[in-house]
Amino acid sequence: MAEAIVRILTARGIPVPEYAAERILQCPDPELLATWVDWAVTTENVDELSD
């Protein structure tokens, strides 16, 4: 799921800095990842990434 989040952001043309990609890819919490999938399809900025 983490890789999908990064792919969604990239496909939408939203830059994903290394620090954000690492945070997403290293997240062990499936519920948080599910939240981030929803966020990835609506966000305009990776800086909005939150817990």
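Criteria and thresholds
Counting restarts for each chain, with residues numbered from 1 along the sequence as it is written. In keeping with the predicted nature of the model, local features appear solely for residues at pLDDT of at least 70, side-chain atom pairs appear and are counted solely at 80 or more, and the whole-chain, interface and lining totals rest on all residues. No hydrogens and no water enter the side-chain calculation; it runs on all heavy atoms of the structure. The score called pLDDT rates the predictor's confidence residue by residue, from a low of 0 to a high of 100. Here a helix means four or more residues in a row that DSSP labels H or I, a strand means two or more in a row labelled E, and each is numbered from the N terminus. Salt bridge, as used here: a side-chain nitrogen of Lys or Arg that lies within 4 Å of a carboxyl oxygen of Asp or Glu. Each residue's exposure class comes from its accessible area (1.4 Å probe, protein chains only) as a fraction of the maximum for that residue type: buried when under 20%, exposed when over 50%, partly exposed otherwise. In this description, the arc belongs to the directions extending from the helix axis to the C-beta atoms. By definition in these notes, contact holds between two residues if any of their heavy atoms fall within 4.5 Å.

Q: I keep staring at the confidence of the model for the chain and nothing clicks. Help me out?
A: Low pLDDT marks stretches whose predicted atomic positions should not be read closely. The predicted model of the chain has a mean per-residue pLDDT of 94, with 98% of residues at 70 or higher. Ranking the helices and strands of the chain by mean pLDDT puts helix α1 (residues 2-11) first, with 97, and helix α2 (residues 18-25) last, with 95.

Q: Would you mind going over the pattern of salt bridges with me for this structure?
A: Pairing between side chains becomes possible if they bear opposite charge and their charged atoms approach one another. Considering all chains together, one arrives at one salt bridge under this definition. Across the pair E44 and R12 runs a salt bridge whose closest N-O atoms are separated by 3.4 Å. With E44 in the segment after α3 (30-40) and R12 in the loop between α1 and α2, the pair connects residues that are 32 residues apart, well separated along the chain. Of the residues examined, R12 reaches a relative accessible area of 34% and is grouped as partly exposed.

Q: Just checking my understanding: could you explain α1 for this structure?
A: Note on helix geometry: an α-helix contains 3.6 residues per turn, so any two residues three or four positions apart are oriented the same way. Among all positions of α1, only A2, I5, V6 and L9 are buried. When α1 is viewed along its axis, its buried side chains cluster within an angular range of 95° and face the same direction. Exposed residues on α1 whose side chains face more than 90 degrees from its buried face are E3, R7 and A11. Where α1 is buried, its residues contact α2 and α3.

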